[in-house]
Amino acid sequence: QTVSTDANAAEKLIDALEAEIKKAKPNNPKSQNLIPRATRAITVYRDRIALSRIKIETLQASLKKNADQPKTIRQFSQKATQEISGLARSNPDQAEKKQKAALTFLDGLALDESAAAALKAVTAAKASLKRFDKTIASTRKLNALNGQAIAPLQVESWVNGTPLTDEDLKGKVVVLDFWAVWCGPCIRTFPHLIKWQAKYDKKDFVLIGLTRYYKRYNFNDKTGRLSRGQTPQTAEEEQAMVQQFADFHKLKHRLAIQPNGSTLSKFYGVTGIPHVTVIDKKGKIRMTRVGSGPSNAKAIQELVEKLIKE
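Treat the numbers as computed from the prediction; the structure is a model and nothing was measured.

Draft legend 1. Seen up close, the sheet that holds strand S2 (residues 173–178). An order of S1-S6-S3-S2-S7-S8 is seen for the six strands of this open sheet, with the pairing classed as mixed. Looking at strand neighbours, the two that pair on one side only are strand S1 (157–159) and strand S8 (285–290), the edges of this open sheet. Between one strand axis and the next, the sheet turns by 20° as a mean value, whatever way the strands run. The pairing of S2 with strand S7 (residues 275–279) spans five bridges and is classified as antiparallel. Its bridge partner being in S7, Leu176 is matched across the sheet by Thr277. Seen against the sheet, helix H11 (residues 190–200) touches S2 and strand S3 (205–212) and runs at an angle of roughly 145° to S3.

As C-alpha cells, this is what we get:
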C-alpha cells in the first residue's frame, strides 16, 4: 500500500529492511534460509517502487513509437493493474472503464508475428487484466445491497461480550466485520476496530465481528500463534479459543460465531475477508468494503461518523 501512495516512504522502509538483513547473522538453518527469500522480496519491491514513479502515459507513448518492447508491455500491464485493483472493490464502473481502456490499447499495438516475445507479453497482460472481471461483478452485487434492510441476527454463540438481539440494533449505526482467526488481512484491521470501538461505543454504535466454526485451530496466547489441532474441536473449545484470541489482540467488541451454513455471510455477499458492512440507524445497508488497507478504513470511518450524526 505504501508503494502506491508514497514511493519515497516505501523506499526508506526497504532501505532500512535491507540494512537489517545485511547485519543479520542467524545461526538457525531455518533463519538462514529466510535471508535469500527476503533479499528477493526486496528486489521485487524496488521494482514496484520504480514502476510507481513512471506514468502510464509515458509507457503508452513509448509503445506507440515501438510496440516491440516486451518489458515495457509488462510494465504497462503492471501499472494498469495497480490502478484497477484499487478501484475494483470500491468503484467498479471506474475500474471497468480503466480495464477496457487498457485492453483496447493493447489490442491496438502494431505487432506482427515476428515479435513473438512482445505478442506473448500482450497475451499475458490481457489475461491479467481480465482477471478483474470477477471482482468487478462481485462489487456490483455488493453495491446493489445498498438501501436494503438488514438480515435478522443468526448467531449460534457470542464471545467477548453479552449477546445481542435484533432489537438491540434498532436506532444504532452497526458495523458488521466478517473475519477469521487465520486471516492475516483481518488481523491488520484490528487497530481500526479497536479505535472505532473505543471512540464510538457510547454514540449509538455497535460493532460485531462475525466468524464461523472451523474446528481445527488451537491458539497459543503466549506466542500469539495458531496451530492445527490433531482432532476437531468442540463448539465450546472453539469458543474458548476465540476468546483467548480476542484477549491477546485486545479486542473489545463483541464477536459472534455463526451456525453451520453461515446464513449472514451469504446474505451480505461475503466471498472474501475481511468484509465490512455498514448499516444506518434505520436498519439499511449503506456500504460494503472488502479487504484491509487505509483507504477502506478511511471510507468506513467517514461514513460511520456521518451516520452517527444523522
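Draft legend 2. Up close: the packing of helix H5 (residues 70–88) against helix H8 (residues 132–143). Between H5 and H8, whose axes approach to 10 Å, the crossing angle comes to 25°. By the angle between their axes, H5 is roughly parallel relative to H8. Crossing of H5 over H8 shows left-handed handedness. Within the contact between the two elements, H5 uses Thr81, Ile84, Ser85 and Ala88 and H8 uses Phe132, Thr135, Ile136 and Thr139. Of the residues contributing to the contact of H5 with H8, the split by class is four nonpolar, four polar and no charged.

Draft legend 3. Focus on the environment of Ala118. Its location among the elements puts Ala118 in helix H7 (residues 116–130). Sequence separation of Ala118 and Val173 is 55 residues, and the distance between their C-alpha atoms is 53 Å. Setting aside anything within four residues of it in sequence, one finds Ala118 in contact with Ala67, Asp68, Gln69, Pro70, Ile73 and Leu111.

Draft legend 4. Quick look at the pairing of strand S6 (residues 254–258). For S6, a buried count of four out of five residues is recorded, marking the element as mostly surrounded by other parts of the structure. Pairing of S3 with S6 involves five bridges; the strand directions are parallel. Opposite Gly209, over in S6, you have Leu255 as the bridge partner.

Draft legend 5. Geometry of unusual backbone geometry. The peptide bond linking Ile273 to Pro274 adopts the cis configuration, its omega dihedral lying at 0°. Checked against the element boundaries, Pro274 lands in the loop between helix H13 (263–267) and S7. For Asn160, which is not glycine, the phi dihedral falls at a positive 70°. Residue placement: Asn160 occurs in the loop between S1 and helix H9 (166–169). Within the chain, Asp204 stands out as a residue other than glycine whose phi angle is a positive 55°. Summarising the element assignment, Asp204 is placed in the loop between H11 and S3.

Draft legend 6. View of the packing of aromatic side chains. Enumeration according to the criterion identifies eleven aromatic pairs in this entry. Plain terms: the ring middles of Phe190 and Phe245 are 6.1 Å apart, the flat faces sit at 80° to each other, and that makes the pair edge-to-face. With Phe190 in helix H11 and Phe245 in helix H12 (residues 235–248), this residue pair connects regions lying 55 residues apart in the sequence. Judged by relative accessible area, which is 4%, Phe190 ranks as buried. Each ring, one from Phe267 and one from Tyr268, has its centre 4.9 Å from the other, and the planes form 80°; the classification is edge-to-face. For Tyr268, a relative accessible area of 1% translates into the label buried. Taken together, the ring pairs connect Trp179, Phe190, Phe219, Phe245 and Phe248 into an aromatic cluster. Taking the ring centre of Tyr45 as reference, the NZ or CZ of Arg48 above it sits at 5.1 Å.

Rules behind the numbers
- Residues numbered from 1 in each chain as written.
- Predicted model: local features only at pLDDT ≥ 70, side-chain atom pairs only at ≥ 80, totals over all residues.
- Heavy atoms only, no water.
- Pairing = 2+ DSSP bridges.
- Helix = DSSP H or I, 4+ residues; strand = E, 2+ residues; numbered from the N terminus.
- Axes fitted to C-alpha atoms, helices over the stretch in contact; angles between N-to-C directions.
- Contact = heavy atoms within 4.5 Å.
- Parallel < 35°, antiparallel > 145°, perpendicular 65-115°, else oblique.
- Left-handed = near helix turned anticlockwise from the far one by under 90°.
- Nonpolar A, V, L, I, M, F, W, Y, C, P; charged D, E, K, R; others polar.
- Buried < 20%, exposed > 50% of the residue type's maximum accessible area, 1.4 Å probe, protein only.
- Phe/Tyr/Trp six-rings, centres within 6.5 Å; stacked < 30°, edge-to-face > 60°.
- Lys NZ or Arg CZ within 6 Å of the ring centre and 35° of its normal.

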